[in-house]
Amino acid sequence: MRIFYTTDVHGSTVCFKKFLNAGKFYKANIIILGGDITGKMVIPLVEQDDGSYIGKQFGTTYIARTDEEIQLIEKKIEDSGYYPYRMSKKEMEEFTADKSKVEKLFDQLMLERVEKWVQLAEERLKGQNIACYIQPGNDDRYLIDSILEKSDVIINPEGKVLEIDAHHEMISSGHANITPWKCPRDVPEEKLSEIIEGMVSQVKNMKNCIFNFHCPPYDTHLDKAPELDENLTPKLDGSGGFKMIPVGSKTIRNAIEKHQPLLGLHGHIHESKASQYIGKTLILNPGSEYGEGILRGALIELTDKGVKNFVFTQG
């Protein structure tokens, strides 16, 4: 059995399309998107008096004078994972004065994109005999779950024990230990332990089980991120680089050490692409470059006796 695993596409439509194509391209039986599927921010495109639109994204100013130029800018913003939205100057003033309107708009655009992606998956995977698993991650609001659950081709594995072939079970969770940003699915380590052990108790053959956990295990090569100060600014290490510290979950590390599953699939920390063994368990984090439209992944070959081989991919 061949698995293609990726994670943390954060709203990038071009990355999601590559994910849908990966099964056929890599001849995988199963494709898995391991969480953090929604974007982080709305980018307003404000209509000017002359009919043109102006928008700003991370130091870049976009100016569009024709509908074709506006559509090109909207696509560029969407492919980088954000939500473009055309508005008048009056609307911009209203959104600036009332943050609750921004929240409602964000939810609306987020749901529209997830619905669009589900429709894309229905169209592209129909009849391909490729199993598609997509779970929310700690960044994803609970609003999206009902959309994933309604799909005929997408399986949301969150909190479930699933037999993915005749030899392998998979347990999954997009929850993470508490982050500085207090994300929707951040939970205390004790709660994460309850979630994991509840699934573990139902696994029939732990030796061939896959732990599909969005958050990586603590103090590994998979969970190094910049240490932040009280203003959430990365600290420097004295040589011009960032001071890196482990930020993964101690509960997930303990669960892997205790139960020794076959494989751990993780993401969450974009800059920590790595593979490592914890005892007999191979753990993988392919990293993420969604903002550049690059889909990072891992292609894993499994037999009934274990992991035959794996390779990190980038495309």
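Residues numbered from 1 in each chain as written. Predicted model: local features only at pLDDT ≥ 70, side-chain atom pairs only at ≥ 80, totals over all residues. Heavy atoms only, no water.

Chemist: Explain the sheet that holds strand β3 (residues 42-47) here, please?
Modeler: Hydrogen bonds along the backbone pair up the strands of a sheet, which may run parallel or antiparallel. Read across the open sheet, the four strands follow the order β5-β4-β3-β6; overall the sheet is mixed. Across the chains shown, the open sheet's two edge strands, defined by having one partner strand only, are β5 (60-64) and β6 (83-87). The average undirected angle you get between the axes of adjacent strands in this sheet is 25°. Inspection of the sheet shows β3 paired to strand β4 (residues 53-57) by two bridges, in the antiparallel sense. From the neighbouring strand, Glu-47 faces β4, where its bridge partner is Tyr-53. (Pairing = 2+ DSSP bridges. Helix = DSSP H or I, 4+ residues; strand = E, 2+ residues; numbered from the N terminus. Axes fitted to C-alpha atoms, helices over the stretch in contact; angles between N-to-C directions.)

Chemist: Looking at this structure, I do not really get the sheet that holds strand β18 (residues 306-314). What am I missing?
Modeler: One open sheet accounts for six strands, arranged β8-β7-β2-β1-β17-β18; its pairing is mixed. At either end of the open sheet lies a strand with only one pairing partner, and these are β8 (154-155) and β18. Note that strand β1 (residues 2-6) and strand β17 (residues 296-303) share five bridges and pair antiparallel. Counted as the bridge partner of Tyr-5 is Ala-298 from β17. Those strands touched by helix α1 (residues 13-26) are β1, β2 (30-33), β7 (131-134), β17 and β18, and its axis lies near 155° from that of β2. (Contact = heavy atoms within 4.5 Å.)

Chemist: Even after reading the chapter, I still don't get empty space enclosed by the protein, so can you show me in this structure?
Modeler: Taking a probe equal in size to a water molecule and rolling it over the atoms shows the remaining empty space. If you walk through the whole model with that rule in mind, you get two cavities of 30 Å³ or more. Approximately 40 Å³ is the volume attributed to the largest cavity. Along its surface, the largest cavity is lined by Phe-16, Ile-37, Val-114, Trp-117, Val-118, Ile-134, Leu-148 and Ile-154. Partitioning the lining of the largest cavity into residue classes produces eight nonpolar, no polar and no charged. Estimated volume of the second largest cavity: approximately 40 Å³. Lining the second largest cavity, in full, are Thr-6, Thr-7, Asp-8, Val-9, Gly-287, Ser-288, Glu-289, Tyr-290, Ile-294, Leu-295 and Arg-296. Its residues placed into classes, the lining of the second largest cavity shows four nonpolar, four polar and three charged. (1 Å grid on protein atoms, 1.4 Å probe; cavity = no way out; pocket = protein on both sides within 12 Å on 5 of 7 lines; lining within 4 Å. Points joined across faces, edges and corners; volume = space filled by probe spheres on them. Nonpolar A, V, L, I, M, F, W, Y, C, P; charged D, E, K, R; others polar.)

Chemist: Explanation requested: the environment of Thr-303 in the structure shown.
Modeler: Take Thr-303: it is sitting in strand β17. Thr-303 gets classed as partly exposed once you look at its relative accessible area, which sits at 29%. Separated by 149 residues in sequence, Thr-303 and Ile-154 place their C-alpha atoms 24 Å apart. (Buried < 20%, exposed > 50% of the residue type's maximum accessible area, 1.4 Å probe, protein only.)

Chemist: Explain the pairing of β18 to me, please; I cannot follow it from the model alone.
Modeler: For a regular strand, side chains alternate in direction, first toward one face of the sheet and then toward the other. Strand direction decides the pairing type here: β17 and β18, joined by eight bridges, are antiparallel. For Arg-296, the partnering residue across the bridge sits in β18 and is Gln-314. Following β17, the chain reverses through two residues before pairing antiparallel with β18.

Chemist: So what exactly am I meant to see when it comes to the packing of helix α6 (residues 189-200) against helix α7 (residues 250-259) here?
Modeler: Packed helix pairs are characterised by how far apart their axes lie and by the angle those axes make with each other. For the pair α6 and α7, interaxial distance at closest approach is 9 Å and the crossing angle is 30°. Considering their axes alone, α6 and α7 lie roughly parallel with respect to each other. Read as a crossing pair, α6 and α7 show a hand that is right-handed. Facing Glu-189, Leu-192, Ser-193, Ile-196, Glu-197 and Val-200 of α6, the residues of α7 in contact are Lys-250, Thr-251, Ile-252, Ala-255, Lys-258 and His-259. Of the residues that constitute the contact of α6 with α7, the class distribution is five nonpolar, three polar and four charged. (Parallel < 35°, antiparallel > 145°, perpendicular 65-115°, else oblique. Left-handed = near helix turned anticlockwise from the far one by under 90°.)

Chemist: Please clarify how the layout of surface pockets should be interpreted in this entry.
Modeler: Counted as a void, the largest pocket has a volume near 1,000 Å³. The wall of the largest pocket is formed by 32 residues, among which Lys-40, Asp-139, Thr-179, Trp-181 and Cys-183 lie closest to the centre. Listed by contribution, the elements that provide at least two residues to the lining of the largest pocket are α4 (99-125) and β12 (224-226). In terms of residue class, the lining of the largest pocket is built from 18 nonpolar, eight polar and six charged. Put simply, the parts of the chain that give the lining of the second largest pocket at least two residues each are β3, α3 (89-97) and α4. Element by element, the count of residues in the lining of the second largest pocket is highest for α4, at five residues. A class-by-class count of the residues in the lining of the second largest pocket yields nine nonpolar, one polar and four charged.

Chemist: What's the story with the nonpolar core in this structure? I'm lost.
Modeler: A general tendency of soluble globular proteins is for nonpolar side chains to be buried together. Within the largest apolar cluster, 45 residues are counted, with the highest numbers of intra-cluster contacts made by Phe-4, Phe-19, Ile-134 and Leu-148. Of the residues forming this core, the biggest block, 10 residues, is contributed by α4. Setting aside residues up to four positions removed in sequence, Phe-4 forms contacts with Phe-19, Ala-22, Tyr-26, Ala-28, Ile-30, Ile-31, Ile-32, Leu-295, Gly-297, Ala-298, Leu-299 and Thr-313. Residues Phe-211, Phe-213, Ile-252 and Ala-274 belong to the second largest nonpolar core, which totals 21 residues. (Core = buried A, V, L, I, M, F, W, Y, C linked by side-chain atoms within 4.5 Å.)

Chemist: Which parts of the structure should I look at to understand the packing of α1 against α4?
Modeler: Where α1 contacts α4, the axes come no closer than 10 Å and their chain directions differ by 25°. Considering the angle they form, α1 stands roughly parallel to α4. Relative to α4, the crossing made by α1 is right-handed. Residues Thr-13, Phe-16, Lys-17, Leu-20 and Asn-21 of α1 lie in contact with α4, whose contacting residues are Arg-113, Trp-117, Leu-120, Ala-121, Arg-124 and Leu-125.

Treat this as a map of the structure, not an account of what it does.
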